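Each chain is listed here by its residues.
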Amino acid sequence: MEREMQSREGKDDPLPENHLLQWTQWQLLDSILPTGGFAHSYGLEAAIQACVVSGPEDLRPFLVQLLDNTGSLLLPFVHIAHRSPDMETWSRLNQILEATLTNEVSRKASVSQGSALLRVAASAFHEVPSLKEMKDASLSSGLVSIHHAPVFGVICGLLGFDCGTTQRAYMFVTMRDVISAATRLNLVGPLGASVLQHQIAHIAEQLAKKWMDRPIEEACQTAPLFDTIQGCHVYLFSKLFCS
């Protein structure tokens, strides 16, 4: 029996290299990674001040619509960048997304987080030299618009994420950051935030499946009202977040 267990353990355990790769993949999704994601509320702060979200009961529908909009608009960029993590494709995706984002606030937030993510990944993940090459090439070519969705897709592809996990991870990061913003805006407590995140996971999975593996040509807005509200963030008299 002891031999059988040892034999099973040897078959089930992946190679040591895969173990190390998993630590790197988890780090990419860790909230401690300094990419500036927690400086943005994804329009939630403006929605609260505009009375579109007036209490905890409004947070759930807001989050669902935001995730739907994220899936429809940004998952195609994540998907294509993951599928072709080369400089030419990445530059083209950045140019298209620069022209696609409809308000200055969301565009600046995307560029801010994308630039930070590429800088951190190139510095931290030395085992993937392509990241540093992409960072250096983007700086030397004068590419200023380094958007978050394409960068996220490229990095996940280079770190060995499969396509489905990459797109789910992007939805998860968005959900995590918005719920964190809701906590800091005193819309919901830490315990309530954890409960909400768990409860909404099945909806996030449905939305991820709904918009998964789509081409860039199908990228679209599903919540134009929320996009307009986020664009008004810059006009708020007092604010905690950048977007």
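Residues numbered from 1 in each chain as written. Predicted model: local features only at pLDDT ≥ 70, side-chain atom pairs only at ≥ 80, totals over all residues. Heavy atoms only, no water.

A. Here's a closer look at the overall build of the chain. Broken down by element type, the chain carries 12 helices and 0 strands. Reading the chain from its N terminus to its C terminus gives the helix and strand order α-α-α-α-α-α-α-α-α-α-α-α. Over its C-alpha trace the chain gives a radius of gyration of 19 Å, about what one expects of a compact globule, namely 18 Å for 243 residues. Principal axes of the C-alpha set define a box for the chain whose edges measure 65 × 50 × 30 Å. Residues counted as buried form 48% of the 243 residues belonging to the chain. Considering only contacts within the chain whose residues lie at least 6 apart along the sequence, 82% involve residues at least 24 apart. Approximately 12,300 Å² of the chain is accessible, and the part contributed by carbon and sulfur atoms is 58%. When the 18 positive and 25 negative side-chain charges of the chain are each reduced to one mean point, those points stand 2 Å apart. (Helix = DSSP H or I, 4+ residues; strand = E, 2+ residues; numbered from the N terminus. Rg over C-alpha atoms; globule rule 2.2 N^0.38 Å. Buried < 20%, exposed > 50% of the residue type's maximum accessible area, 1.4 Å probe, protein only. Contact = heavy atoms within 4.5 Å. Areas by Shrake-Rupley, 256 points an atom, 1.4 Å probe, with all protein chains shown as cover. Lys, Arg positive; Asp, Glu negative; His and termini not counted. Charge placed at Lys NZ, Arg CZ, Asp CG, Glu CD.)

B. Molecular detail of the packing of aromatic side chains. Inspection of every chain in the model, using the stated rule, returns 3 aromatic pairs. On the basis of an interplanar angle of 40° and a centroid distance of 4.8 Å, the ring pair of F62 and F226 is categorised as tilted. Of this pair, F62 sits in helix α4 (residues 56-83) while F226 sits in helix α12 (residues 224-231), placing them 164 residues apart in sequence. The two residues F62 and F226 agree in class, both being buried. (Phe/Tyr/Trp six-rings, centres within 6.5 Å; stacked < 30°, edge-to-face > 60°.)

C. Main features of empty space enclosed by the protein. The tally for this structure, following the rule as stated, stands at 1 cavity of 30 Å³ or more. As for the largest cavity, its lining consists of 25 residues, of which Y42, T70, L74, S106 and Q230 are closest to the centre. Elements supplying a minimum of two residues to the lining of the largest cavity: α4, α6 (104-124), α8 (148-158), α9 (163-184) and α12. Looking at the lining of the largest cavity residue by residue, the class counts come to 11 nonpolar, 13 polar and 1 charged. (1 Å grid on protein atoms, 1.4 Å probe; cavity = no way out; pocket = protein on both sides within 12 Å on 5 of 7 lines; lining within 4 Å. Points joined across faces, edges and corners; volume = space filled by probe spheres on them. Nonpolar A, V, L, I, M, F, W, Y, C, P; charged D, E, K, R; others polar.)

D. Representation of the confidence of the model for the chain. Scored by pLDDT, the chain comes out at a mean of 87, with 91% of its residues at no less than 70. Across the chain, the secondary-structure element scoring lowest on mean pLDDT is helix α1 (residues 2-12), at 44, and the one scoring highest is helix α11 (residues 201-211), at 97. Taken as a whole, residues 1-11 scores under 50 in pLDDT and shows 0 contacts with residues more than four places along the chain or in a different chain. (pLDDT = per-residue confidence, 0-100.)

E. Looking closely at the pattern of salt bridges. Using the criterion set out here, one finds 8 salt bridges in the structure. For K210, the salt bridge identified is with D68, shortest N-O distance 3.4 Å. Of this pair, K210 sits in helix α11 while D68 is found in helix α4, placing the two residues 142 residues apart along the sequence. On the accessibility criterion, D68 (16% relative accessible area) is buried. Through salt bridges with shared partners, a single ionic network connects E98, E104 and R107. (Salt bridge = Lys/Arg side-chain N within 4 Å of Asp/Glu carboxyl O.)

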